[in-house]
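What follows is the residue order along each chain.
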Amino acid sequence: ISSHVFYLGQKGWPKRSCPTGVFLLDLKNNDLKLRPATFTNDSCYLPPLRHPAVCSFSASQGGEITQYLIHGGKTPNNEISHKLYIMTMAFPVNKRFSLCCSEKDLAGDVPEARYGHSMNVVFSRGKNAVVMFGGRSYMPLNQRTTENWNNVIDCEPLVYLIDLQFGCSTSFNLRELQDGLSFHVSLARNDTVYIFGGHSLGNNFRPPNVYKIKVDLPLGSPAVSCTVINSKISFSSSIVTQTSPDEFVIVGGYESDSQKRLICNGVFLDDETIDIQEIETPDWTGEIKHSKTWFGADMGKGAVLFGIPVDNKHQSTDCSFFFYVLNFGDNDPAL
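Quick caveat, the model's predicted, so the values are computed rather than measured. (Residues numbered from 1 in each chain as written. Predicted model: local features only at pLDDT ≥ 70, side-chain atom pairs only at ≥ 80, totals over all residues. Heavy atoms only, no water.)

Colleague: Which residues make up the overall build of the protein, and what are the values?
Modeller: Scanning the protein from terminus to terminus reveals one helix and 28 strands. The buried share of the protein, taken over its 335 residues, is 45%. Of all intrachain contacts in the protein linking residues separated by at least 6 positions in sequence, the fraction that spans at least 24 positions is 48%. As displayed, the protein offers around 17400 Å² of accessible surface, 47% of which is attributable to carbon and sulfur atoms. (Helix = DSSP H or I, 4+ residues; strand = E, 2+ residues; numbered from the N terminus. Buried < 20%, exposed > 50% of the residue type's maximum accessible area, 1.4 Å probe, protein only. Contact = heavy atoms within 4.5 Å. Areas by Shrake-Rupley, 256 points an atom, 1.4 Å probe, with all protein chains shown as cover.)

In structure tokens form, the structure reads like this:
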């Protein structure tokens, strides 16, 4: 999978013939095409999902990525998923790639259905675990009425630790995490996950904090601790891409509900410190500067895919979106 880019879209866009909304992104000579992905016959059904948590998985630290994990998200019926899917690349036949998707059952403290949350893989003492945090969900059934049936609330600020081998999930209530956050960015290094930004529905707040979540995986029960670092920057719905083992770039997102975030930040990590600096921004096009919304995802190796809706009132094209590739991989932010 690492040599290909897959895009999780929505059923019916851009091709109604793709029931899962998963597309293989083909970019050649500045020409972008989305081709519906094919799945093996033994795959489970993967519904089209909006805002799921997605992360890559390798069995050993620094090893080859062998799987992708997909949890939660909103379905086309406006339901919120609680399921965890594992996606792998099937061996190519006749140069055609297929995906294999399976559902992973969890036991213990199973995370409730949610979207807008994050997952990361950490490594400690030769073992690995999946860290899940944040997100939004519907109000509990006993609190829902006809008027507020589709109202969402912050999930409890619990940290979930998932043993993927045995499917066991354990929740941790850390006093440093007081608010549920959604649409934050997270990055992992060794045994630590860093949570940046995000939005809390409860107080309509984007906290200027970094939450450093450290995981210890001894032979007995795992331990999780949290340290709060004031970063003085706040945002939501940003994208993070990794440019080296210890360096990341945060790009895009929103400073408020109506204000896009047009600056980029480099994040530099070592075992003890975190350094966040504003870095050179790309030469944003007029379409990007003036659009009210934008979306995108990490393509890996320092590249980010951005999309913005086309204002068809002022465009002669039938295309619904403009897409841009932003490359930080060679320290030259080209758009």
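The structure having been displayed, the exposition proceeds.
Colleague: Describe in detail the sheet that holds strand 11 (residues 127-133), supporting the description with residues and values.
Modeller: One key point about sheets: their strands pair by backbone hydrogen bonds, in either a parallel or an antiparallel sense. Across the sheet, which stays open at both edges, the five strands sit in the order 9-15-14-11-10 with mixed pairing between neighbours. What marks the edges here is a single partner per strand, and that holds for strand 9 (107-108) and strand 10 (118-124). (Pairing = 2+ DSSP bridges.)

Colleague: Help me get a handle on the sheet that holds strand 25 (residues 274-279), residues and values and all.
Modeller: Spatially, 20-21-24-25 is the arrangement adopted by the four strands of the open sheet, whose pairing is antiparallel. Each of the sheet's edge strands pairs with one partner strand only, and the pair in question is strand 20 (239-244) and strand 25. The sheet shows a mean angle of 25° between the axes of neighbouring strands, direction not considered. In terms of strand pairing, strand 20 meets strand 21 (residues 247-251) through five bridges, oriented antiparallel. Counted as the bridge partner of serine 244 is glutamate 247 from strand 21. (Axes fitted to C-alpha atoms, helices over the stretch in contact; angles between N-to-C directions.)

Colleague: Tell me about the side chain of serine 231, residues and numbers included.
Modeller: Assignment of secondary structure puts serine 231 in the loop between strand 19 (223-230) and strand 20. The contact partners of serine 231, leaving out residues within four places of it in the chain, are Pro208, Asn209, Val210 and Ile276.

Colleague: Go over the confidence of the model for the protein with me, naming the residues and quoting the values.
Modeller: Scored by pLDDT, the protein comes out at a mean of 87, with 90% of its residues at no less than 70. Low pLDDT (under 50) marks residues 12-16, which in the prediction has 11 contacts with non-local residues, meaning those over four places away or in another chain. (pLDDT = per-residue confidence, 0-100.)

Colleague: Break down the packing of aromatic side chains for me, citing the residues and quoting the values.
Modeller: Under the definition given, this model contains five aromatic pairs. In this structure an aromatic cluster arises from ring pairing among Trp284, Trp294 and Phe306. Above the ring of tyrosine 138, the side-chain terminus of arginine 144 is found at 4.8 Å from the ring centroid. Cation over ring: lysine 260 sits above tryptophan 294, and NZ or CZ is 5.6 Å from the ring centre. (Phe/Tyr/Trp six-rings, centres within 6.5 Å; stacked < 30°, edge-to-face > 60°. Lys NZ or Arg CZ within 6 Å of the ring centre and 35° of its normal.)

Colleague: Describe the environment of phenylalanine 133, and please don't skip the residues or the numbers.
Modeller: Relative to the helices and strands, phenylalanine 133 resides in strand 11. When the C-alpha atoms of phenylalanine 133 and histidine 184 are compared, they prove to be 9.6 Å apart, with 51 residues separating the residues in sequence. With residues up to four places along the chain from it excluded, the contact list for phenylalanine 133 reads His117, Ser118, Pro157, Leu158, Val159, Leu177, Asp179, Leu181, His184 and Ile195.

Colleague: I'd love a proper account of the pattern of salt bridges, names of residues and values included.
Modeller: Opposite charge on two side chains permits them to pair, given that their charged atoms come into close proximity. One pass over the structure, following the stated rule, counts eight salt bridges. Here aspartate 216 ties to arginine 125 by a salt bridge, and the two come within 2.7 Å at their closest N and O atoms. Within this pair, whereas aspartate 216 is found in strand 18 (residues 209-216), its partner arginine 125 is found in the loop between strand 10 and strand 11, the two being separated by 91 residues in sequence. Using a relative accessible area of 27% as the deciding quantity, one classes aspartate 216 as partly exposed. Given the relative accessible area of 61%, arginine 125 is considered exposed. Between aspartate 257 and arginine 206 there is a salt bridge whose closest N-O contact spans 2.9 Å. Pair noted here: aspartate 257 is in the loop between strand 22 (254-256) and strand 23 (259-260) and arginine 206 is in the loop between strand 17 (192-196) and strand 18, with a separation of 51 residues, a long-range link. (Salt bridge = Lys/Arg side-chain N within 4 Å of Asp/Glu carboxyl O.)

Colleague: Tell me about the nonpolar core, and please be specific about residues and values.
Modeller: If you look at the biggest cluster of nonpolar residues, it comprises 18 residues, and the most contacted ones within it are Val159, Leu161, Leu177 and Val224. If we ignore the near neighbours within four places in the chain, the residues touching leucine 177 are Phe133, Pro157, Val159, Tyr211, Ile213 and Cys226. Within the second largest apolar cluster, 16 residues are counted, among which are Cys55, Leu106, Val121 and Val130. (Core = buried A, V, L, I, M, F, W, Y, C linked by side-chain atoms within 4.5 Å.)

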